[in-house]
2 protein chains.
Amino acid sequence: MTAGEGGRDGISVLVVEDDPVAAAAHTLYVEREPGFRAVGTVHSCGDALRFLERARAAGAPVDLTLLDLYLPDGHGLQLCRTLRAAGHGTDVIAVTSARDLAMVRQAVSAGVVQYLLKPFSAAALHDRLERYARYRDSLGRTGEATGQDEVDQAFALLRTPERSSLPKGLSAPTLDSVASVLREAATGLSAAAAGAAAGVSRITARRYLEHLVDTGRAMREPQYGSVGRPELCYRWKGR
Amino acid sequence: MTAGEGGRDGISVLVVEDDPVAAAAHTLYVEREPGFRAVGTVHSCGDALRFLERARAAGAPVDLTLLDLYLPDGHGLQLCRTLRAAGHGTDVIAVTSARDLAMVRQAVSAGVVQYLLKPFSAAALHDRLERYARYRDSLGRTGEATGQDEVDQAFALLRTPERSSLPKGLSAPTLDSVASVLREAATGLSAAAAGAAAGVSRITARRYLEHLVDTGRAMREPQYGSVGRPELCYRWKGR
DNA sequence: ACGTTTGCGTTCATAGAGTTCACGGTCGGA
DNA sequence: TCCGACCGTGAACTCTATGAACGCAAACGT
């Protein structure tokens, strides 16, 4: 199956939303997101299903659906189940004003990748889309997982709460500095080397590097060969 | 809907697993877990579906299904989709030796709450079950979410920062590396060969190989024939 | 039976990871 | 303006994962 690889032009998104104003806003948000491409905007379950069918038949299946749950002709999660049963591979971000927690659970079992409460800010959607892109990337890149860790990492990308605000103890300028240093170093760097290059201590550099790893923007691998504890080599990972 | 609240006796679990030995083991693990209750063990998609139907009809729907993906009469994820379409609310933890990352993605869209790679330790399953219990708790307690935070919190419970604690002196990346090298080598490897392939010394390789043997994931046997002390040949044990 | 040969298994030095804690700076409140 | 709380940083320290060296065990050959 596989819902396409996002194509050269980015990840294709269908917006399904009852309210025309919200629908336009969501579509706009998606368009603004680099790497994403709004391919359609519909206002009902029926239209959504037809749109997805047509897209699939045309050989350009929709990668991601931004799905409002309360629609005039049915419930979004029911549509979701129908899609699965019909073999559609599109991923779904549920968008709803329903604050019912049982709904969250149903959404998870229906296979939504994210659950976003309305009203939401552009920043909130941005965060979710970015996470989704990384999730997709982490699963698309390698064909085989080397271990449970890799699987967990992918799940974490979908399910870790927003990190737009940095964890305590980290500052944005330093993060930028460390990140750019790492990005420049094609071959990868040790914490000590990164620190030296960024003008901070090894300890501080490590803190930020670990953060980058946690958020999926960097990877690390041990460097064997010489005697002594292996050196950890951090490497910039796309995005 | 709501798949029951786990009842007074805990969360009811159905184990679906082809291999009788593994099935028994998983069932035992579940039984040992406080707050969980293994209510059945079946070995095929068909039996699983029938079991779930019967349980639902009896007014005691199964809360959680431990689902192997490769089953004699079909694929676990297909069963999963069938269940959703039929309105079953049971949550699913996928259990599989498939290391294909595309499968992970399909599993997410089919609505699994966790994805566990075989072979796994009792501790790993324990961790997943405990997380699931908390997830369920967080969604069951309050009827209404106060905000996005609460939803995110629930999603986060399904992610796994848990590092399965290795014995002192061993590191997760190295273990992954050695394990995957061994898995690839169908014919078996000596410690020296494994080390060379994984980029570590024979000594280090041996450490991890021994660990794999200890935890039952590998076996070793002496290789006779030539002059000198016999070479130990390590072999991955698919289980 | 005894020596030869080969690689196992152990001990230990080592280099870097990871942690703890105290310091300087900054921001908000009184 | 002064004071207190907090936050980001780095120095010192402890711990851990690694490989080199070395002795020993186990098979074969004569």
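Cut-offs and rules
- Residues numbered from 1 in each chain as written.
- Chains lettered and ligands numbered in written order.
- Predicted model: local features only at pLDDT ≥ 70, side-chain atom pairs only at ≥ 80, totals over all residues.
- Axes fitted to C-alpha atoms, helices over the stretch in contact; angles between N-to-C directions.
- Helix = DSSP H or I, 4+ residues; strand = E, 2+ residues; numbered from the N terminus.
- Parallel < 35°, antiparallel > 145°, perpendicular 65-115°, else oblique.
- Left-handed = near helix turned anticlockwise from the far one by under 90°.
- Contact = placed C-beta atoms within 7 Å.
- Nonpolar A, V, L, I, M, F, W, Y, C, P; charged D, E, K, R; others polar.
- Near = placed C-beta within 6 Å.
- Buried ≥ 20, exposed ≤ 12 C-beta atoms within 10 Å, placed from the backbone.
- Pairing = 2+ DSSP bridges.
- Right-handed = clockwise from strand over helix to strand, strands pointing away.
- Core = buried A, V, L, I, M, F, W, Y, C linked by C-beta atoms within 7 Å.

Some thoughts on the packing of helix α3 (residues 76–85) of chain B against helix α4 (residues 101–110) of chain B
Residues and elements named next belong to chain B. α4 packs onto α3 with a crossing angle of 15° between their chain directions and a minimal axis gap of 10 Å. With respect to α4, the axis of α3 lies roughly parallel. The two elements α3 and α4 meet at a crossing, and its hand is left-handed. Judged by residue contacts, L77, C80 and R81 of α3 engage Q106, A107 and A110 from α4. The residue inventory of the contact of α3 with α4, partitioned by class, reads four nonpolar, one polar and one charged.

So, the protein's contact with DNA strand C
Of all residues adjacent to DNA strand C, which total 18 residues, the nearest are G228, R229 and E231 of chain A together with G228 and R229 of chain B. Broken down by secondary-structure element, the contributors of at least two residues to the surface near DNA strand C are α8 (191–198) and β9 (231–236) of chain A together with α8 (191–198) and β9 (231–236) of chain B. Partitioned by chemical class, the residues of the surface near DNA strand C number 10 nonpolar, four polar and four charged.

Some thoughts on the environment of D9 of chain B
Tracing the backbone through its elements, the reader meets D9 of chain B in the segment before β1 (11–16). D9 of chain B sits 63 residues away from P72 of chain B along the chain, and the two C-alpha atoms are 32 Å apart.

Observations concerning the protein's contact with DNA strand D
In the vicinity of DNA strand D there are 32 residues, among which T174, S201 and T204 of chain A together with S201 and T204 of chain B approach most closely. A breakdown of the residues in the surface near DNA strand D according to their chemical character gives 14 nonpolar, 14 polar and four charged.

Side note on the pairing of strand β7 (residues 114–117) of chain A
All names here are of chain A. Side chains Q114 and L116 of β7 all project onto a buried face; the interleaved residues Y115 and L117 project onto the opposite face, where all are buried too. As defined by bridge partners, strand β6 (residues 91–96) adjoins β7 across four bridges and the pair is classed as parallel. When the sheet's bridge partners are listed, V95 is paired in β7 with L116. Note that the unit made of β6, helix α4 (residues 101–110) and β7 has a crossover that is right-handed.

What about the nonpolar core?
Taken as a class, soluble globular proteins show a tendency for nonpolar side chains to be buried jointly. One finds V13, I93, A94 and V112 of chain A to be the most contacted residues of the largest nonpolar core, which totals 94 residues. Ignoring any residue separated from it by four or fewer positions in sequence, one finds I93 of chain A in contact with L64, L66, L67, V112, V113, Q114, L116 and R128 of chain A. If you look at the next biggest cluster of nonpolar residues, it comprises 16 residues, including L175, V178, V200 and A218 of chain B.

A few points about the sheet that holds strand β7 (residues 114–117) of chain B
All names here are of chain B. The strand order β2-β1-β3-β6-β7 describes an open sheet built from five strands, whose pairing is parallel. The sheet is open, and its two edges are formed by β2 (36–42) and β7, each paired on a single side. Within the sheet, the average angular offset between the axes of one strand and its neighbour, ignoring direction, is 20°. Each of β1, β2 and β3 (64–68) touches helix α1 (residues 20–32); the most contacted strand, β2, lies at about 165° to it.

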